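# Breakdown of the fold
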Amino acid sequence: AEQTGRHDEAADALVRLAREWPANVGRAQLEMVEDLNFALRDSPDAQRTMLQRLFDVGFDPVDGRASDLWFELARLHLDAGDVPAARAVAARIDGVSNAVAMRIDRRFDPLTEADPSLVDVRAQGQRALAAMRAKAEQRPNDLGLQYEIVDAYLMLGDHAAVDARVTAMTDT
């Protein structure tokens, strides 16, 4: 449905998957979910519903991080005036770019004033790195996850770790 432009149907199917088989929703490809989220940008209610359902079942894709989706969901909640819902979602946002975006985007002030750690670039980068390393331990041959780890090290400015990781990857 998503590939043929029937975005509302695809979102409904994804929400049903999340509701009925929450243990399997992590197998949904992150890129497909991101594409669907982008396709729904002109329907913020549908977008918010889909993302909230994924959040509620703990969507954690095996092929990456859902943090950018949670950033978008928190923004949608803030735009709808639901600060408590945005605050709950913000607890699962990580990564350097999201910390910077929350610092810049004044809509996030109610969240960042209450929890300054949300905009602590180093801490958020470390959280993202820890999450990706944990996933990579489960899937050591997944080059996509290895790339995410290298990218996290780059964002943190740890060039020695980048060199060591890339060398280990090429040696393997």
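Refer to the structure above for everything that follows.
The model shown is predicted, which means the values in this text are computed figures rather than measured ones.

What counts, and where the lines are drawn
- Residues numbered from 1 in each chain as written.
- Predicted model: local features only at pLDDT ≥ 70, side-chain atom pairs only at ≥ 80, totals over all residues.
- Heavy atoms only, no water.
- Phe/Tyr/Trp six-rings, centres within 6.5 Å; stacked < 30°, edge-to-face > 60°.
- Helix = DSSP H or I, 4+ residues; strand = E, 2+ residues; numbered from the N terminus.
- Buried < 20%, exposed > 50% of the residue type's maximum accessible area, 1.4 Å probe, protein only.
- Axes fitted to C-alpha atoms, helices over the stretch in contact; angles between N-to-C directions.
- Parallel < 35°, antiparallel > 145°, perpendicular 65-115°, else oblique.
- Left-handed = near helix turned anticlockwise from the far one by under 90°.
- Contact = heavy atoms within 4.5 Å.
- 1 Å grid on protein atoms, 1.4 Å probe; cavity = no way out; pocket = protein on both sides within 12 Å on 5 of 7 lines; lining within 4 Å.
- Points joined across faces, edges and corners; volume = space filled by probe spheres on them.
- Nonpolar A, V, L, I, M, F, W, Y, C, P; charged D, E, K, R; others polar.
- Core = buried A, V, L, I, M, F, W, Y, C linked by side-chain atoms within 4.5 Å.
- Patch = residues over 30% accessible without salt bridge, like charges linked within 9 Å, V, L, I, M, F, W, Y side chains within 5 Å.
- Areas by Shrake-Rupley, 256 points an atom, 1.4 Å probe, with all protein chains shown as cover.
- Salt bridge = Lys/Arg side-chain N within 4 Å of Asp/Glu carboxyl O.
- Lys, Arg positive; Asp, Glu negative; His and termini not counted.
- Charge placed at Lys NZ, Arg CZ, Asp CG, Glu CD.
- Polar contact = N/O pair within 3.5 Å; in protein donor to acceptor, adjacent residues only side chain to side chain.

## Points about the packing of aromatic side chains
A complete count under the given rule lists three aromatic pairs for this structure. For the pair Phe59 and Trp70, a centre-to-centre distance of 6.5 Å together with 85° between the ring planes defines the contact as edge-to-face. Residue Phe59 is found in the loop between helix H3 (44-56) and helix H4 (67-79), and its partner Trp70 is found in helix H4; the two are separated by 11 residues along the sequence. Accessibility expressed as a relative area gives 2% for Phe59, which makes it buried.

## Quick look at the packing of helix H9 (residues 143-155) against helix H10 (residues 159-171)
Where H9 meets H10, the closest approach of the two axes is 8 Å, and the angle between their N-to-C directions is 160°. Considering the angle they form, H9 stands roughly antiparallel to H10. When the axes of H9 and H10 are compared, the crossing they make is left-handed. For the pair H9 and H10, the contacting residues are Leu143, Gln146, Ile149, Val150, Tyr153 and Leu154 in the first and His159, Ala161, Val162, Arg165, Val166 and Met169 in the second.

## Thoughts on the layout of surface pockets
Volume-wise, the largest pocket comes out at about 290 Å³. Taken together, 18 residues make up the lining of the largest pocket; nearest its centre are Arg65, Asp68, Ser97, Glu148 and Asp151. At the level of secondary structure, the elements contributing two or more residues to the lining of the largest pocket comprise helix H2 (30-39), H4, helix H6 (96-104), helix H8 (121-138) and H9. Across the lining of the largest pocket, the residue classes break down as eight nonpolar, five polar and five charged.

## Examining the nonpolar core
Formed by 32 residues in total, the largest nonpolar core has its most connected members in Met50, Leu54, Phe59, Leu69 and Trp70. Among the elements that take part in this core, H4 stands out by supplying seven residues, more than any other. Discounting chain neighbours no more than four positions away, the residues touching Trp70 are Leu51, Leu54, Phe55, Phe59, Val89, Arg92 and Ile93. In terms of nonpolar packing, the next biggest core, distinct from the first, is built from 12 residues, Val96, Leu129, Met132 and Val150 among them.

## Focus: a negative patch on the surface
A cluster of like negative charges, contributed by Glu31, Glu34, Asp35, Asp63 and Asp68, occupies part of the molecular surface. If you tally residues by element for the negative patch, the top one is H2, at three residues. By secondary structure assignment, the location of Glu34 is in helix H2.

## Here's the deal with the side chain of Asp105
The residue Asp105 is located in the loop between H6 and helix H7 (109-114) in this model. Look at Asp105 and you get buried, because its relative accessible area is 16%. In terms of polar contacts, Asp105 uses its side chain to reach the side chain of Arg107, at 2.7 Å.

Nothing here speaks to function; it is geometry throughout.
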